[in-house]
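# Breakdown of the fold
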Amino acid sequence: TLKSIAKFATAASILTVSLNVFAEPVEIKFSHVVAENTPKGQMALKFKELIEQRLPGEYVVNVFPNSQLFGDNNELAALLLNDVQFVAPSLSKFERYTKKLQIFDLPFLFEDMDAVDRFQQSESGQKLLNAMNRKGVVGLGYLHNGMKQFSANDPLNLPKDANGKKFRIMASDVIAAQFDAVGAIPVKKPFSEVFTLLQTRAIDGQENTWSNTYSMKFYEVQSHITESNHGVLDYMVVTSNTFWKGLPADKRAVFKSSLDEAIALGNKIAAEKGNEDKQAILDSNRSKLVTLTPEARQQWVNAMKPVWAKFEDQIGKDMIDAAQAAST
Ligand code: LMR
């Protein structure tokens, strides 16, 4: 009868409503400090896509780029409070949680990104993913950005050209020592403040990858970029132990494999973007490229390499040897 159909329909809709209430997807937050058109930005969006495709209705991943949600000064603390579930700070920003990752900041340690990759995938490199476990931070994988270049409002050809100049750096004592070594003044500042600091000339220069220099428009407020390839800027994608262990094992496996795939895409973009963004900067004619002769580059190496010895005890000689081996 009509009446029983109506009753059935009402019951069905109540059931659907209550199922929907039950099936409310869990919100996962991924926060980062860079633009979307970067290796990290694209990796995070791929991760979102894969999780929502593979665990439909169970999880939504909301990605917050550009320090919108958390910035350099609070993203790791927020992770440990479970206010965000995934972040991917540069390897230079974990100093308060482990000294071991300082290895990646040693100037002129890695020949190129292939050497960085070989070291990260080696046994020693993989061990470093666990360096912060006791602090509740779980390393899930490395993500590439690229080699760093110096930029300033004057051409930096020789180490003496950096003397007395203020450089924005990430919160890393190794990078501070690297600039101290050439008589420059390192200033630790969050990424979100760099453009304004450069624009207002509160600082003279900075070091970054081509993709960050391009996406944040640093090249519009820096007259020269020195192609120094003096160090690496890569990331570790991390979560908290609390969140990770709280996931059901089968879901955790999906999160891990999705992340691995997203990282593979991010790495591919990183490899391409290095050249593309460099070219875009050169095409803009806003910044001049400074190319170092082998002799000039050797002067930078000689000036900055003594930094290694200062951090050898904290990092471990065995680790430095392993990293060097990856370059040869
Ligand atoms: C920086 O602070 O310069 C970079 O670590 C930003 C980033 O995440 O690439």
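This is a predicted model, so every value here is computed, not measured. (Residues numbered from 1 in each chain as written. Predicted model: local features only at pLDDT ≥ 70, side-chain atom pairs only at ≥ 80, totals over all residues. Heavy atoms only, no water.)

### Section: helix H13 (residues 317-327)
- Residues Met 319, Ile 320, Ala 323, Ala 326 and Ser 327 constitute the buried set of H13. One side of H13 carries all its buried residues, which in axial view fall inside an arc of 115 degrees.
- Those residues of H13 that are buried are in contact with helix H4 (113-121), helix H5 (123-127) and helix H12 (307-315). (Buried < 20%, exposed > 50% of the residue type's maximum accessible area, 1.4 Å probe, protein only. Helix = DSSP H or I, 4+ residues; strand = E, 2+ residues; numbered from the N terminus. Arc of directions from axis to C-beta. Contact = heavy atoms within 4.5 Å.)

### Focus on the pattern of salt bridges
- If you walk through the whole model with that rule in mind, you get 16 salt bridges.
- Of the charged contacts, one joins Lys 93 and Asp 72 as a salt bridge, the two residues approaching to 2.7 Å between their closest N and O atoms. Taken together, the residues Lys 93 in the loop between strand S3 (86-87) and H4 and Asp 72 in the loop between strand S2 (59-64) and helix H3 (75-80) connect sequence positions 21 residues apart.
- Looking at Lys 93, the relative accessible area reads 16%, which means it is buried.
- Measuring nitrogen to oxygen at the nearest pair gives 3.7 Å for the salt bridge that ties Lys 251 to Asp 250.
- Connected via shared salt-bridge partners are Glu 58, Asp 250 and Lys 251. (Salt bridge = Lys/Arg side-chain N within 4 Å of Asp/Glu carboxyl O.)

### Remarks on the confidence of the model for the protein chain
- Mean pLDDT over the protein chain stands at 94; residues scoring 70 or higher make up 93%.
- Taken together, the chains of this predicted complex give a pTM of 0.92 and an interface ipTM of 0.98. (pLDDT = per-residue confidence, 0-100.)

### Section: the pairing of strand S4 (residues 137-152)
- Summarising burial for S4: 16 of the 16 residues are buried, a large majority.
- Of the strand pairs in this sheet, S4 and strand S8 (residues 224-240) are connected by 13 bridges, and their pairing is antiparallel. Each residue of the ladder has a partner; that of Tyr 142, found in S8, is Met 236.
- Relative to strand S7 (residues 205-208), S4 is paired through 4 bridges, and the arrangement is antiparallel. Bridge pairing in S7 links Ala 152 to Gly 205. (Pairing = 2+ DSSP bridges.)

### A few points about the environment of Ala 303
- Assignment of secondary structure puts Ala 303 in helix H11 (residues 294-304).
- According to the relative accessible area criterion, Ala 303 is partly exposed, its value standing at 23%.
- Discounting chain neighbours no more than four positions away, the residues touching Ala 303 are Pro 159, Ala 181 and Val 182.

### Things to note about the side chain of Ser 92
- Within the secondary structure, Ser 92 is located in the loop between S3 and H4.
- Separated by 2.7 Å, the side chains of Ser 92 and Asp 105 make a polar contact.
- The residues touching Ser 92, leaving out its near neighbours within four places in the chain, are Asp 105, Met 170, Ala 171, Ser 172 and Ile 175. (Polar contact = N/O pair within 3.5 Å; in protein donor to acceptor, adjacent residues only side chain to side chain.)

### Here we look at the side chain of Thr 38
- Its location among the elements puts Thr 38 in the loop between strand S1 (26-31) and helix H2 (39-54).
- Of the polar contacts made by the side chain of Thr 38, one reaches the backbone oxygen of Ala 35; its length is 2.7 Å.
- When near neighbours in sequence (up to four residues on either side) are disregarded, Thr 38 contacts Ser 211, Asn 212, Ser 215 and Lys 273.

### Here we look at the nonpolar core
- If you look at the biggest cluster of nonpolar residues, it comprises 53 residues, and the most contacted ones within it are Phe 30, Met 43, Phe 47, Phe 86, Trp 244, Phe 255 and Trp 300.
- In terms of residue count, S4 provides more of this core than any other element does, 5 residues in total.
- When residues no more than four places from it in sequence are discounted, the contact partners of Trp 300 are Phe 108, Phe 150, Leu 156, Asn 157, Leu 158, Pro 159, Ala 162, Val 182 and Leu 292.
- Core analysis: the second largest hydrophobic core is formed by 37 residues, Phe 110, Leu 129, Phe 311 and Ile 315 among them. (Core = buried A, V, L, I, M, F, W, Y, C linked by side-chain atoms within 4.5 Å.)

### Let's talk about the site of the ligand
- Taken together, 13 residues lie near the ligand, and Lys 40, Lys 93, Arg 168, Asn 212 and Tyr 235 sit nearest.
- In this structure, an oxygen atom belonging to the ligand sits 2.8 Å away from a side-chain N or O atom of Arg 168.
- Between the ligand and the protein, one listed contact pairs an oxygen atom with a side-chain N or O atom of Asn 208 at 2.9 Å.
- With the chains in place, 100% of the 270 Å² that the ligand exposes on its own is no longer accessible.
- Its residues assigned to classes, the shell around the ligand comprises 6 nonpolar, 3 polar and 4 charged. (Near = heavy atom within 4 Å. Areas by Shrake-Rupley, 256 points an atom, 1.4 Å probe, with all protein chains shown as cover. Nonpolar A, V, L, I, M, F, W, Y, C, P; charged D, E, K, R; others polar.)

### Side note on H4
- Among all positions in H4, only Ala 115, Val 116, Phe 119 and Gln 120 are buried. For H4, the buried positions fall inside an angular range of 135 degrees around the axis, keeping them on one side.
- On its buried face, H4 is in contact with H5, S4, S8 and H13.
- The opening residue of H4, the one whose side-chain oxygen lies 3.2 Å from the backbone nitrogen of Asp 114, is Asp 112.

### What to know about the packing of aromatic side chains
- In the structure shown here, the tally under the stated rule is 17 aromatic pairs.
- Arranged with centres 5.7 Å apart and planes meeting at 80 degrees, the rings of Phe 86 and Phe 243 form a pair that is edge-to-face. Within this pair, whereas Phe 86 is found in strand S3, its partner Phe 243 is found in helix H9 (residues 241-246), the two being separated by 157 residues in sequence. Residues Phe 86 and Phe 243 agree in their burial class; the two are buried.
- Stacked on the ring of Trp 308, the Lys or Arg Lys 305 has its end atom at 4.8 Å from the ring centre. (Phe/Tyr/Trp six-rings, centres within 6.5 Å; stacked < 30°, edge-to-face > 60°. Lys NZ or Arg CZ within 6 Å of the ring centre and 35° of its normal.)

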